[in-house]
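Residue-level listing of the chains:
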Amino acid sequence: MTDTQQTGRLYGVGLGPGDPSLVTVRAAELIGKADVVAYHSARHGRSIARSIAERYLTAGQIEEKLVYPLTVETTDHPGGYRGALDEFYEEAADRLAAHLDAGRSVVVLAEGDPLFYGSYQHMHKRLAHRYPTEVVPGVTSVSAAAARLGQPLTEAEETLTVIPGTLSEEELTARIASADSAVIMKLGRTFPTVRRALERAGRLADAQYVERAFMAGERTGPLADIDADTVPYFSVAVLPSKVAPLEQPAPPAEGPGSVTVIGTGPAGPLWLTPEARGALATATDLVGYTTYLDRVPERPGQQRHGSDNKVESERAEFALDLARRGHHVAVVSSGDPGVFAMATAVLEVACEDAYRDVPVRILPGMTAAHAAASRAGAPLGHDYAVVSLSDRLKPWEVVAKRLRAAAEADLVLALYNPGSQSRTTQVGLARDLLLEYRAPGTPVVMARDVGGPTERVRTVRLADLDPAQVDMRTILLIGSSQTRAVERGNGTQVVWTPRRYPEA
């Protein structure tokens, strides 16, 4: 090629889901005018992309068939499956580059959209920086599936998650559980794993199946009813929008409902586990202390039942009553629900005869102690004890006895519920007691509103612990005799407790 010769132009052309009438006008024009039309195919030689575009092809065009060297992950290639594919893509790109260098326009056909799980993207990455390129979008299989189901994918503030079915079962379960709406691609041999993941995430009943949308042999239906042996690669699983249709469903029947006690961590959505996020999304009712409920996103159709922080037993009974009437109730608890929180209150009532048949499960959350420790360093790196300073549900004499025992054992202490407007003496009493066993310079991590907008974490000496600077939103981590507070080179301080304890 001479310096003045113009190169050809590369086009990645999306063909939509399968029906030739869904090819865009722009795509049809380019296919008809191209000098070269390239398309991928399996080793049998048939190309779905070409069959979709066939009506738009014209006489005299050069066709480049890019035949995959393998369709399964077993190969003798020294680089393995990925190495064999990379070599194939390099060779295919070289073939197309030869046409472009000769000044020919090249259209690469792509089912669906070229840059959405498409084979074209491998050509794009290798050629688009070298030649003038245009990508023509196409209707994706995601949009096609929703259209065939006649159900919205997302509405209002819902988010859509697209998940490849080739992920591990554990990863699939986590992604599905945390999703509002989802489309799971690449079924075929992955279908049994995807089905198990949907079941484990509690979403199997919601899942719809779409096969060959807008193609011959199209099939749709509830995914739970699909025989795994009949599932081809060109199929997807869909979890549609959860927003209720205009025809509101009938109110829940009497039983069987459920109660799930959910730990939301010490702050907002960043601290939620995927399992907890999914359970919150699928609940019909949310029950909890109003401050904690406010951290959970509003969802159309869900009922929220907020209450004061001092009515835990009443809140638990209310949730169990709802479940007995067929509701699926999420009881929201900050931190971990089993650590000074709602799990105990719910289980206490659930063990009464009237509620023994109501299913109850507990979903863990990040504890306040662990969140605070991570901000300071690793103060809980060795044995530690967790004690609540609140004497509202147990006498102070019991609190003091437990503090003394932990101090004598030289355990790091995580102190919950240190103070409130009505409890102002406990921090000072605990400090003075611990000073009988600990050196005045023992590090104390004071962590307030960890993960929240007013987060403040600092370290003081035990002797300098000021009760006036501690409130109900503060957690205290009291070091052992081995805990160290060290200034690092960047000017920050870290607190850590060695895992090795010195021999006596």
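Anyway, here's the lowdown on the structure attached to this text.

## Focus: the pattern of salt bridges
(1) Moving on: With the rule as written, the count across this model stands at 27 salt bridges.
(2) Moving on: The salt bridge partner of aspartate 449 is arginine 473, with a shortest N-O separation of 2.7 Å. Note that aspartate 449 is positioned in the loop between β19 (443–448) and β20 (456–461) and arginine 473 in the loop between β20 and β21 (474–478), a separation of 24 residues in sequence.
(3) Moving on: Residue aspartate 449 is classed as buried on the basis of its relative accessible area, which comes to 8%.
(4) Moving on: Residue classification places arginine 473 among the partly exposed residues on the basis of a relative accessible area of 46%.
(5) Moving on: Among the charged side chains, a salt-bridge network with shared partners connects Glu169, Glu170, Arg196 and Arg200.

## Digging into the nonpolar core
(1) Moving on: Ranked by size, the top nonpolar core spans 23 residues in total, and within it Leu403, Leu413 and Leu476 carry the most contacts.
(2) Moving on: Per-element accounting of this core gives the leading share, six residues, to helix α13 (residues 396–408).
(3) Moving on: Not counting residues within four places of it along the chain, the set of residues in contact with leucine 413 comprises Ala385, Val387, Leu403, Ala406, Leu434, Leu476, Leu477 and Ile478.

## A few points about a nonpolar patch on the surface
(1) Moving on: On the surface, Phe340, Tyr384 and Val386 cluster together into a nonpolar patch covering about 260 Å² of accessible area.
(2) Moving on: Structurally, valine 386 is set in strand β17 (residues 384–388).

## Points about the sheet that holds strand β7 (residues 181–185)
(1) Moving on: The five strands are arranged β6-β7-β10-β8-β9 in an open sheet whose pairing can be described as mixed. Single-partner strands in this sheet number two, and they are β6 (160–164) and β9 (219–222). Averaged over all adjacent pairs, the angle separating strand axes in this sheet is 20°, with direction ignored.
(2) Moving on: Bridging between strand β8 (residues 208–211) and β9 involves four bridges; their strand directions are antiparallel. By the bridge assignment, tyrosine 209 is partnered in β9 with glycine 221.
(3) Moving on: Strands β6, β7 and β10 (235–239) of the sheet are contacted by helix α6 (residues 169–178), whose axis makes an angle of about 170° with β6.

## Quick word on the packing of aromatic side chains
(1) Moving on: Applying the stated criterion to the full structure yields eight aromatic pairs.
(2) Moving on: Relative to tyrosine 209, the ring of phenylalanine 191 lies with its centre 6.2 Å away and its plane at 85°, an arrangement referred to as edge-to-face. Taken as a pair, phenylalanine 191 in helix α7 (residues 191–200) and tyrosine 209 in strand β8 lie far apart in primary sequence, 18 residues in all. Side by side, phenylalanine 191 and tyrosine 209 carry an identical accessibility label, which is buried.
(3) Moving on: Seen in terms of ring centroids, tyrosine 233 and phenylalanine 234 are 5.7 Å apart; in terms of plane orientation they differ by 90°. Their pairing is edge-to-face.
(4) Moving on: Here the aromatic residues Tyr68, Phe88 and Tyr89 are joined through ring pairs into a cluster of three or more.

## As for unusual backbone geometry
(1) Moving on: Even without being a glycine, asparagine 417 presents a positive backbone phi close to 45°.
(2) Moving on: Assignment of secondary structure puts asparagine 417 in the loop between β18 (412–416) and α14 (426–434).

Calculation notes
Residues numbered from 1 in each chain as written. Predicted model: local features only at pLDDT ≥ 70, side-chain atom pairs only at ≥ 80, totals over all residues. Heavy atoms only, no water. Salt bridge = Lys/Arg side-chain N within 4 Å of Asp/Glu carboxyl O. Helix = DSSP H or I, 4+ residues; strand = E, 2+ residues; numbered from the N terminus. Buried < 20%, exposed > 50% of the residue type's maximum accessible area, 1.4 Å probe, protein only. Core = buried A, V, L, I, M, F, W, Y, C linked by side-chain atoms within 4.5 Å. Contact = heavy atoms within 4.5 Å. Patch = residues over 30% accessible without salt bridge, like charges linked within 9 Å, V, L, I, M, F, W, Y side chains within 5 Å. Areas by Shrake-Rupley, 256 points an atom, 1.4 Å probe, with all protein chains shown as cover. Pairing = 2+ DSSP bridges. Axes fitted to C-alpha atoms, helices over the stretch in contact; angles between N-to-C directions. Phe/Tyr/Trp six-rings, centres within 6.5 Å; stacked < 30°, edge-to-face > 60°.

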